[in-house]
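Structural characterization, general
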Amino acid sequence: MGRWLARATSRTMLTHIRHVTPVPPRTATGAVAEVYRQVATDFGVYAPPVVLHSPAPEALRACWTLLRETLLADGLVSRRAKEVVAEAVSLGNRCPYCVDVHGATVTGLIGRPGRHPVGRDPAADPELEALAEWGRRSGEPSDRPTPPFPLAYAPELIGVAVVFHYLNRMVHVFLQESPLPATSGPVRKVADRIASRVMGGLAGVGAPPGRSVDLLPPAPIPTALGWSLGQPHIAAAMARSARALQTAGAQVLPEQARELVLATCADPPATTLAAGTFFDAALTTLPPDDRPLGRLALLTALAPYRVTAGDITACRVAGADDRTLVLAAAWASLNAAHLIGAGLDNDLTAHTGRSRTGSEEVSPDRTGAAVRTAGEDSPARRADDESSRMPRQPVVSPLYPPGHRTGRQPSPVSPRRAEHVGPKVSQQREDERVAEQDIFAALKAEGESVDHLVAGLDKDAWETPTPAEGWTVAHQIAHLAATFRMAGLAAAAPDEFRRMMSQMSDSFESNVQAAMAPYVAQPPNRLLAAWRDERATTQKALAAVADGTLLPWLVRPIPAPVLAAAGMMELFGHGQDIADALGTPREHTDRLRYLVEFALRTWDFGYLARGLEVPDTRFQFRVTAPSGALWQFGPVEAEQTITGSATDLCLLVTRRRHRDDLALKAAGDEADRWLDVAQAYRGPAGPGRRPGQFAR
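Summary of the structure given here. (Residues numbered from 1 in each chain as written. Predicted model: local features only at pLDDT ≥ 70, side-chain atom pairs only at ≥ 80, totals over all residues. Heavy atoms only, no water.)

1. Quick look at the overall build of the protein
Secondary structure summary: the protein contains 27 helices and ten strands in total. Counting over 696 residues, the protein shows a buried share of 58%. Across the protein, contacts joining residues at least 24 apart in sequence account for 73% of those joining residues at least 6 apart. When the accessible surface of the protein is split by element, carbon and sulfur atoms take 52% of a total near 28,000 Å². (Helix = DSSP H or I, 4+ residues; strand = E, 2+ residues; numbered from the N terminus. Buried < 20%, exposed > 50% of the residue type's maximum accessible area, 1.4 Å probe, protein only. Contact = heavy atoms within 4.5 Å. Areas by Shrake-Rupley, 256 points an atom, 1.4 Å probe, with all protein chains shown as cover.)

Below is the structure:
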C-alpha cells in the first residue's frame, strides 16, 4: 500500500511545506529520487518533515537516514515504543504537526481509545507511560526522569529522541501547524480515526536495518554519539549524517555565526519565552550581512517557534536561496539535538553507575563537531566502515545449537539416560522443569565469573593479547556481547531474529568479525557496560520463554534451556582465553554439568566441521565433577569410553587446550579419534591450541 498511498497523497503533502519549494516526486532525479523511493516504500507517504529538506539533497539524505534507521528499522525495541518516544518528544517541544502524525501512529499500533497522549492517559501501559514521560521531558536542561530502559536500548531510544529533537525544530520552521483538518467536533474525530488506521497499518510493517546508510559516505563516529555504537546501523546513520550536515553547514554559515550558535546552545538563556532581547544582543556580535542567517540558525536551535516569515525574507534579501535556508536550519537543529542526546546518555550512564573514563581525548574539528582523536587505523576510525557493513552482514554469534543429525546417526547419549552418581554412588534423577530453571541461574553465575575477570582492569589490560590470534581481552568481551545480543533477540523477538538471519553473509568469519565490531570500537567502560546489559537482557528473555517453546537459531530451532547451555559454553571458552591472557587461575563449580551435557549433545560437530563421516557408534563418558562427584553418561555397555575430569572435557570441546595437555583417556579407536576432533560449536574448527602450549 505504501507506494500507492504516497503517489495518491503527494500533492497534498507538498502543500504542508512553507518558506521553501520542495522537489516534486514526479520530477525528482538522482539522490533525491532515490530517497523518495525509499520514503514511499518504508514510510508509506512522502512525509513532509523529510521532503522539506529536498532543496538541499545532502540534508535530505541525512534526514531520511536518521529517521529510517532509528524509528523504522527493526531492532531490539518495538516500533510502538519508539513511536511513543517520537510522540512524547514532539509533545515536549510543542510541535503539533509531529504530535498529530505520531500520536495517530501510536493510537493505531496500541489501539488506545481517544487521542490521549501516552503518559497522560490513565489507561496506558505503565512501561509506555514511563517511556513517554522520559521522552516528553528529554529536552529539559536538568532534573530529567531516570531513563526507564537498559543501556542496550540506548541506540534506538536515545536515537529516536535525538532525531525528533532535530525534526521538531525543522518542522516548526518549515511546515504548517498540523497535517489534519483545522476543525473540531465530528469531522476532526473522523480524521483522527482515519489517520490512526492508516498510520498504524503502515507502521506495522517491518523494515530491515541499514538500507539507507549508503546514501551518505562513511564517517568517523563523533564522541558525543558514542551511545549509538551498540546498534551498528544507527551508529553509521548518526556518524554519516553528522558529517554531511556539519560539512554543509560550514559551507553556508560563516564560522563566527556557527561559533555563536554553539556557544549559546552550550550556555542558553534560562528561558526562551522572554529571550528576544538576549538573541538580539547576541546577534550584534556578527557582521551585519551575516545576522539574518545567523538569526535563523540561532532561533532554530533554541526557539524555532520564534522564526517568522520576516526572518526568512531577511535571509533572502541577504542572498540566501532555498538550499541555504534548509542547510542553515538543519545544521543548527542537529547540533542542538546532539547536545540533548549527550545529556540523555549521561543520565543513563549515571543511573547504571557506569560513567565514562578519562581515556577519550576530544578535539573540535573545523565544523564544530567533537570527534575522537584517533589514528587512521584506530577502532574509532574503523567503526563506521565496520558498522556500515553490518546490515548486509547481520550479527551472527556462535552460541552454537545442538547437533544436526540424520536418522542414521544415533546420539551417543540421551538426556534421559544421563545419570548422576553422587558420593554414595546413588543415582539421582532431577525433575526436568527444575533442571531447566536451574540452568538460567547457572548461566547468570557463569557470566558473573567472567565479569570478575575483567571488572577491575585498566585500559592497557583490556588490550592484552589472548591465545586467540588477533584477539585482545576487549575482543573476547565484544564477541560475548554480540553473542548474547543475538540470543536475546531469538528469545524475545523471533521474527526480528529471522529477518536478520535471512541477510547473513556466506562467510562465517566475516559475520563473527562484523558482529563484534561495534562493541570492540567502544572504550572499555562502555564495552563492559554494554556486555552487562546484553547479559541481563538475554538472561531475562530466556527465562521468560514458555516451556516447550522452540526458539529460532543458526541451524534449527532449539529450546531456551539448550540455548542457555550454549551460552554457558561460550562464557566458559572465552572466559578461559581471558584468564589465560591475564594469568588468572579459574575455579569451577558443578554448574559445569550443563556444559558437559551440552558437549555431549553436540558430539558430532567436530566430524561435521571437518567434512568427516559421523560414526554409527555410541560412547560412554565418565567424568569427575569439580566437587569430586562422578557423572556418568551413555550406555554402560558402550565399547567406546572417555574418562577424566569434567573441566578437562570442557576445555577440550571448546578447543582451549590440546588433548596432549589434558588428563582425558580414551578406550577404543573411535573414542581416541573423537578426542582429536571434538568441538561443541558449529563453524570452522580453527587452529585450536598447540600441544604443550598449556602443559601442566
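There is more to say, and it comes next.
2. Some words on the packing of helix α5 (residues 79–92) against helix α8 (residues 154–174)
In a packed pair of helices, the relevant descriptors are the angle between the two axes and the axis-to-axis distance. Axis separation between α5 and α8 bottoms out at 9 Å; the angle between their running directions is 35 degrees. As α5 runs across α8, the sense of the crossing is right-handed. On α8, the residues that touch K82, V85, A86, V89 and S90 of α5 are E156, L157, V160, A161, F164, H165 and N168. (Axes fitted to C-alpha atoms, helices over the stretch in contact; angles between N-to-C directions. Left-handed = near helix turned anticlockwise from the far one by under 90°.)

3. Regarding the state of the cysteines
For the structure on display, the rule yields zero disulfides. C95 forms no disulfide, and the closest cysteine sulfur to it belongs to C98, at a distance of 3.6 Å. Its relative accessible area of 1% is what places C95 among the buried residues. (Disulfide = S-S within 2.5 Å.)

4. Details of the pairing of strand β8 (residues 630–633)
As defined by bridge partners, strand β7 (residues 619–624) adjoins β8 across four bridges and the pair is classed as antiparallel. Within the sheet, the bridge partner assigned to F621 lies in β8 and is F633. Turn length for the β7-β8 hairpin, with the two strands adjacent in sequence and antiparallel, is five residues, and the turn residue G628 shows positive phi of about 100 degrees. (Pairing = 2+ DSSP bridges.)

5. A few points about unusual backbone geometry
In this structure, R94 takes a positive phi of about 55 degrees despite not being glycine. With respect to the helices, strands and loops of the structure, R94 is situated in the loop between α5 and α6 (96–110). Judged by its relative accessible area of 66%, R94 falls in the exposed class.

6. Observations regarding the environment of R18
On the secondary structure map, R18 appears in the loop between α1 (2–14) and α2 (30–42). Between the alpha carbons of R18 and V171 there is a distance of 9.8 Å; along the sequence they are 153 residues apart. When residues no more than four places from it in sequence are discounted, the contact partners of R18 are H172, V173, F174 and L175. Polar contacts involving the side chain of R18 include one to the main-chain carbonyl oxygen of V173, which spans 3.3 Å. (Polar contact = N/O pair within 3.5 Å; in protein donor to acceptor, adjacent residues only side chain to side chain.)

7. Digging into the pairing of strand β9 (residues 640–645)
Here is the key point about a regular strand: its side chains alternate between the two faces of the sheet. Taken together, the six bridges between β7 and β9 define a ladder with parallel strand orientation. Looking at β9, one finds that Q620 is bridged to T641. Where β9 meets strand β10 (residues 665–667), three bridges bridge the pair, whose relative direction is antiparallel. Along β10, the bridge assignment pairs T643 with K665.

8. A look at helix α19 (residues 473–492)
Residues that lie three or four places apart on an α-helix share one face, since the helix turns once every 3.6 residues. Spanning 20 residues, α19 covers 29 Å between terminal C-alpha atoms, matching the ideal 28 Å at 1.5 Å per step. Burial within α19 is extensive, with 19 of its 20 residues counted as buried. Put simply, T472 is the residue that caps the front of α19, since its side-chain oxygen is 3.2 Å from the backbone nitrogen of A474. (Expected span 1.5 Å × (residues − 1).)

9. Focus on the packing of aromatic side chains
The final tally for this structure, using the stated rule, is nine aromatic pairs. Residues W603 and Y607 carry aromatic rings whose centres are separated by 6.0 Å and whose planes lie at 75 degrees to one another, so their mutual orientation is edge-to-face. Taken together through their ring pairs, the aromatic side chains of W603, Y607, F619, F621 and W674 make up a single cluster. Directly above the ring of W631 sits R593, whose terminal nitrogen or CZ lies 5.8 Å from the centroid. Positioned over the ring face of F694 is R657, at 3.9 Å from the centre of the ring. (Phe/Tyr/Trp six-rings, centres within 6.5 Å; stacked < 30°, edge-to-face > 60°. Lys NZ or Arg CZ within 6 Å of the ring centre and 35° of its normal.)

10. A short note on the side chain of Q231
With respect to the helices and strands, Q231 occurs in the loop between α9 (186–203) and α10 (232–252). Among the polar contacts listed, one links the side chain of Q231 to the side chain of R485, at a separation of 2.9 Å. When neighbours within four sequence positions are excluded, Q231 is seen to be in contact with G75, L76, P155, E156 and R485.

11. Considering the pattern of salt bridges
One pass over the structure, following the stated rule, counts 30 salt bridges. For R499, the salt bridge goes to D74, with nearest N and O atoms at 2.7 Å. One end of the pair, R499, is in helix α20 (residues 494–502); the other, D74, is in the loop between α4 (57–72) and α5, and 425 residues separate them in sequence. Judged by relative accessible area, R499 falls into the partly exposed class, the value being 32%. Judged by relative accessible area, D74 falls into the buried class, the value being 15%. Of the charged contacts in the structure, one is a salt bridge between E597 and R593, with a shortest N-O distance of 3.1 Å. (Salt bridge = Lys/Arg side-chain N within 4 Å of Asp/Glu carboxyl O.)

12. Some details on helix α7 (residues 126–136)
Every buried residue of α7 is listed here: L128, L131, A132, W134 and G135. Axial view of α7: buried residues confined to an arc of 160 degrees, hence all on one face. (Arc of directions from axis to C-beta.)

13. Points about the nonpolar core
Counting residues in each nonpolar core, the largest one holds 112 residues, and the members touching the most others are W64, L67, W134, F164, Y166, L296 and L325. In terms of nonpolar packing, the next biggest core, distinct from the first, is built from 88 residues, A478, I558, W603 and F621 among them. (Core = buried A, V, L, I, M, F, W, Y, C linked by side-chain atoms within 4.5 Å.)

14. Considerations on the packing of helix α24 (residues 592–601) against helix α26 (residues 646–653)
Taken N-terminus to C-terminus, the directions of α24 and α26 make an angle of 50 degrees; their axes are 10 Å apart at the nearest point. Judged by the angle between their axes, α24 and α26 are oblique. Crossing of α24 over α26 shows left-handed handedness. Facing L592, L595, V596 and A599 of α24, the residues of α26 in contact are A646, T647, L649, C650 and V653. For the contact of α24 with α26, a count of residues per class yields eight nonpolar, one polar and no charged. (Parallel < 35°, antiparallel > 145°, perpendicular 65-115°, else oblique. Nonpolar A, V, L, I, M, F, W, Y, C, P; charged D, E, K, R; others polar.)

The values are spatial; any link to function lies outside them.
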